[in-house]
Amino acid sequence: MESQLTKRGSGRELAIVLHGPHGSPEDMQGVSKALEERSKDVDILAPILPYGGFFALLRTTPVEQIVRDVVEEIDKALANRERRGDGGAYERLILVGYSCGAVIARKIAIVVHGETAGAPFVRDLKGLERTWAGSIERIILLAGMSRGWAPEIARDWFQSAFWTIGSWYCAILAMLGLPVPTLYAMRQGQPFIIQTRLEWLALTRSNRLVEKRAARAQELSRRGERFSSCEVLPPIFVVQMLGAIDDLVSPDDAVDMVAHRGDNASFVLIETPDTTHHAAIKMREPEDDQRRILEDALGGGSGPGAKPLTDICRELNLTDQARFLLLARSASDSQEDLNKIAVARAHMADTLPGAPDEKVTDVVFVIHGIRDKGFWTHKIARAVKQEAEREKRVFHSFTRTYGYFAIFPFVVPWVRHWKTCWLMDHYVLMRALYPGARFSYVGHSNGTYLLARALLHYPAAKFHHVVFVGSVVRCNYPWSRFLPDKSEDRPGQVDKILNYVATEDWVVAIFAKAFQTLEALFDIGSAGYDGFDEHRRQTRHPNLHEAKFIVGTHQAGIREAHWNDIARFIVKGQPPTNDAPRDAPPEWQAVQPRLLRVTSFGSPALLVVWAILGALFISSLAAIVWAAWLPLLYCVAVYLFVTRF
C-alpha cells in the first residue's frame, strides 16, 4: 500500500485521511487542507486504498487486509517521525474517514487498542495492538456508513436497483467460492460491519481506552513530550459529519448513536448544509470576508434578523466553504464547543432507540421460520418472562419478524444469508440497549439456521441458552467449537443448547435432508429430524442436549405443550428429561415412523422428482398461454408458486 505523507512544522500531530470508494488522496485535498487549520504542527497521512479508482467495484482485496495495511502505514509514519532528528514524536492522532473509509477508520481504532473478552477479533485482525493507540484523540466520520449500505436505504430507485444487482452478484460469487468485491463487506449486516459495531461497544465499555491513554501519556512523558491534553480530552471523541441531503445514508444508520454511547467515548453529529453523500468531501478554504460571515452564522448571528447557515450558503454560494469550516472546527474544537453547533440527540431521527437499560438481566430472541408469520413467538416469549419472574430476573424479548419466507427464497443461499444479516443487525442494537444482559435464543425452522450461521461468521456474537425446534441445521454442525471448553479455559459462544427432534417432521426429513447431501451448495440439513452427530457420540459435550422424540410434524415443538419446557431451559438451563414425568409429557418416548425413515433416506432422489414436477408445472402453464387472457394468469400462478409455496 502506498501513502502520501505531508509534513508540516514540528509534526506533533498526525491526521490519517482515508478516502471513500472510487476515490483517491487527491479527492481528499480539501479535507486535508481543513485539517491543517487545527495546528501548524499537524502532518497528513493519506493512504491509497485498494478500492479506489474507476474499477473500485471489482477490487477484491479483503477489507481486513486493508485495515492491517493502514496500521502498518501508520507504524511507518511514526517511525519516520522519530527519525527526523529532533527527538520528537506524534503526541496525538486523528482518524478521518469518508463513506466506507469511515468504517475502516473506526476499525483501526478498535484493533490497535487490542482484543477484548467481550468481542474477540477475527483471525486476520489479531496481533495489531499498538502502544500508540492511546494517542488517538478523535475520529471524524464524513458521511460514515456506520451500519453499512443496503438497497432498502437508498433514496432513489436507480441506486436501490444498482445496490440490489450488486448484492446478488457478490452473493453468487461468494456461493461459488470466488473472491468477493471489497465493498460487499460494507453491506448492512455483513460480518465486518457487525463485528466492528460489537467490538466498538465492547471497547467503550471496557477500561481499555483509559488504560491505553494513560500508558501512552506516561511513555511520552518519560521521553520529554508534552501530551498535556490527555488529562482534559475524552479518550476518543467521535464526530459524525452528515450531509443534510445525503442520498445514500439514512440518518439513523449513519449516526448509529447507541453504538457510540459509552462511559469512555463521546459523540456529536454535525450536519453540513446542502450536502449530498458525494459532496461531503468537496471543500474550499473561505476567504477572510467569507469566513467572518460563516463564523457569525455558526455563532448564532449578531441580531434578531440574522440568517441561518443554510440560507447564507444558498444565497452566497458558500456551501463548500461552510463544509471546510465545519470540518476545521470538528478537528479542533472541544466537545463542549461543538455541542453548540451539533444536532441535539432528540432531533437526530425519530427511529433512534432509547438510552441503555441496565436493569434488564436477560434478552431472549424468539425467531420464526419459513412460511410462518411468527405470531406464536409472542406466546413463548411470555412464558419465558413468567418463568423469569419466579427467578427474580428481568427478561426483554425480541419477537420481530423478517416477513413471510416461502420455500423458493429459502432454497436460495444468499437470501438466507441476508436474513442472517437482518438478525445480527438487530442483535447489535439489543446489545447496545441492554449492556448488562445475557442473550438467549429460541429458533424454529429457518430461525435455527440464522443463529447457526451467525455463530460461524460472527465470533463476537454470544448466547447463553439456545433452543432449536424443527431445526434445518446440518447434522454435522460443529457445536464443540462454540460450547465452553473447561480444559482450555475457553468460555464459548453458547453456554447450552437444546435441540427438539420430532417424530414426523417430514419438512426436515425429506426437504432439508435432501439438500444436506449437496454440501457444496447448501448449508442446511436435518438436525430437527435426525439430531446432531455430536450428540450421538459417547464423548458428547455435557451442554449439548436433545429432546428425542416429540410427537408431531414440523410445528410440533412450538405447540403450547412445550412452552413451559422451553421457558424453563431458557431461564434455568434445565432440559426436559425422561425421568421427570411432571416436567415432560409422555410423548418423549415416541419413535419415528418407519415409512418416513425410509422416505427420508431416499430424499435426494425425491429432490430430483420435485425439480422435474416443478419444471413440468411451469412448462405446462406456458403451453397454454396462447389465449389472450392466459398470460396474466400464467404470471400470477408462477409468482404464487415461487413466493408463497
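Predicted model, so just to flag it, every value in this text is computed and none were measured.

J.: When you look at the nonpolar core in this model, what are you seeing that I'm missing?
T.: General note: in soluble globular proteins, nonpolar side chains tend to be found buried as a group. Counting residues in each nonpolar core, the largest one holds 127 residues, and the members touching the most others are Ile108, Phe365, Tyr441, Phe463 and Trp479. It is helix 15 (residues 413–433) that provides the largest number of residues to this core, a total of 12 residues. Not counting residues up to four positions away in its chain, the partners in contact with Ile108 are Leu18, Val67, Val70, Val71, Ile74 and Leu95. By size, the runner-up hydrophobic cluster in this structure holds 38 residues, among which are Ala15, Met28, Val96 and Val239.

J.: Looking at this model, I keep getting lost on the pairing of strand 6 (residues 236–243). Mind explaining?
T.: It is a general feature of regular strands that their side chains alternate between the two faces of the sheet. Here strand 6 lies mainly inside the structure; 8 of its 8 residues are buried. The alternating pattern of strand 6 places Ile236, Val238, Gln240 and Leu242 on one face and Phe237, Val239, Met241 and Gly243 on the opposite face, and all of these are buried. For strand 5 (residues 136–142) and strand 6, the ladder comprises 5 bridges, and the chain directions are parallel. Paired with Ile140 across the two strands is Val239, which belongs to strand 6.

J.: Before we go on, may I ask you to explain the layout of surface pockets in this structure?
T.: Empty space left among the atoms is revealed by rolling a probe the size of a water molecule over them. In this structure, the largest pocket encloses a volume near 1100 Å³. Lining the largest pocket we find 42 residues, and of these Glu64, Gln190, Pro191, Phe192 and His457 sit closest to its centre. Those elements that provide at least two residues to the lining of the largest pocket are helix 2 (63–82), helix 4 (157–175), helix 5 (191–204), helix 15 and helix 16 (446–457). Top contributing element to the lining of the largest pocket by residue count: helix 15, with 4 residues. Counted by class, the lining of the largest pocket contains 25 nonpolar, 10 polar and 7 charged residues.

J.: Before we go on, may I ask you to explain the confidence of the model for the protein chain in this structure?
T.: In regions of low pLDDT, the predicted coordinates are not meant to be interpreted in detail. For the protein chain, the mean per-residue pLDDT works out to 85, and 87% of the residues sit at or above 70. Low pLDDT (under 50) marks residues 578–584, which in the prediction has 7 contacts with non-local residues, meaning those over four places away or in another chain.

J.: Honestly, the packing of helix 5 against helix 15 in this entry has me stumped. Any pointers?
T.: At a closest axis distance of 10 Å, the pairing of helix 5 and helix 15 adopts a crossing angle of 5 degrees. As judged from the angle between their axes, helix 5 and helix 15 are roughly parallel. Residues Ile194, Arg197, Leu198 and Leu201 of helix 5 form the contact with helix 15, whose participating residues are Met424, Asp425, Tyr427, Val428, Arg431 and Ala432.

J.: I keep staring at the sheet that holds strand 8 (residues 362–367) and nothing clicks. Help me out?
T.: The strands making up a sheet associate through hydrogen bonds between their backbones, and the pairing can be parallel or antiparallel. Across the sheet, which stays open at both edges, the 6 strands sit in the order 9-8-10-11-12-13 with parallel pairing between neighbours. Edge positions in the sheet fall to strand 9 (395–398) and strand 13 (544–550), since each has one partner strand and no second. Going across the sheet, the axis of each strand differs from the next one's by a mean of 15 degrees, ignoring polarity. Both strand 8 and strand 10 (residues 438–444) contribute to a ladder of 6 bridges, which runs parallel. Looking at the pairing, Ile367 lines up with Gly443 of strand 10. Across the sheet, helix 15 lies against strand 8, strand 9, strand 10 and strand 11 (463–469), angled at about 160 degrees from strand 8, the strand it touches most.

J.: Please explain unusual backbone geometry as it appears in this structure.
T.: Where the residue is not glycine, phi is negative for most of them; where a peptide bond is considered, it is trans in most cases. Residue Lys548 is joined to Phe549 through a cis peptide bond whose omega torsion reads -5 degrees. Mapped onto the secondary structure, Phe549 falls in strand 13. Of note, the phi angle at His22 is positive, near 70 degrees, even though the residue is not glycine. In this fold, His22 is placed in the loop between strand 2 (13–18) and helix 1 (29–35).

Procedures and definitions
Residues numbered from 1 in each chain as written. Predicted model: local features only at pLDDT ≥ 70, side-chain atom pairs only at ≥ 80, totals over all residues. Heavy atoms only, no water. Core = buried A, V, L, I, M, F, W, Y, C linked by side-chain atoms within 4.5 Å. Buried < 20%, exposed > 50% of the residue type's maximum accessible area, 1.4 Å probe, protein only. Helix = DSSP H or I, 4+ residues; strand = E, 2+ residues; numbered from the N terminus. Contact = heavy atoms within 4.5 Å. Pairing = 2+ DSSP bridges. 1 Å grid on protein atoms, 1.4 Å probe; cavity = no way out; pocket = protein on both sides within 12 Å on 5 of 7 lines; lining within 4 Å. Points joined across faces, edges and corners; volume = space filled by probe spheres on them. Nonpolar A, V, L, I, M, F, W, Y, C, P; charged D, E, K, R; others polar. pLDDT = per-residue confidence, 0-100. Axes fitted to C-alpha atoms, helices over the stretch in contact; angles between N-to-C directions. Parallel < 35°, antiparallel > 145°, perpendicular 65-115°, else oblique.

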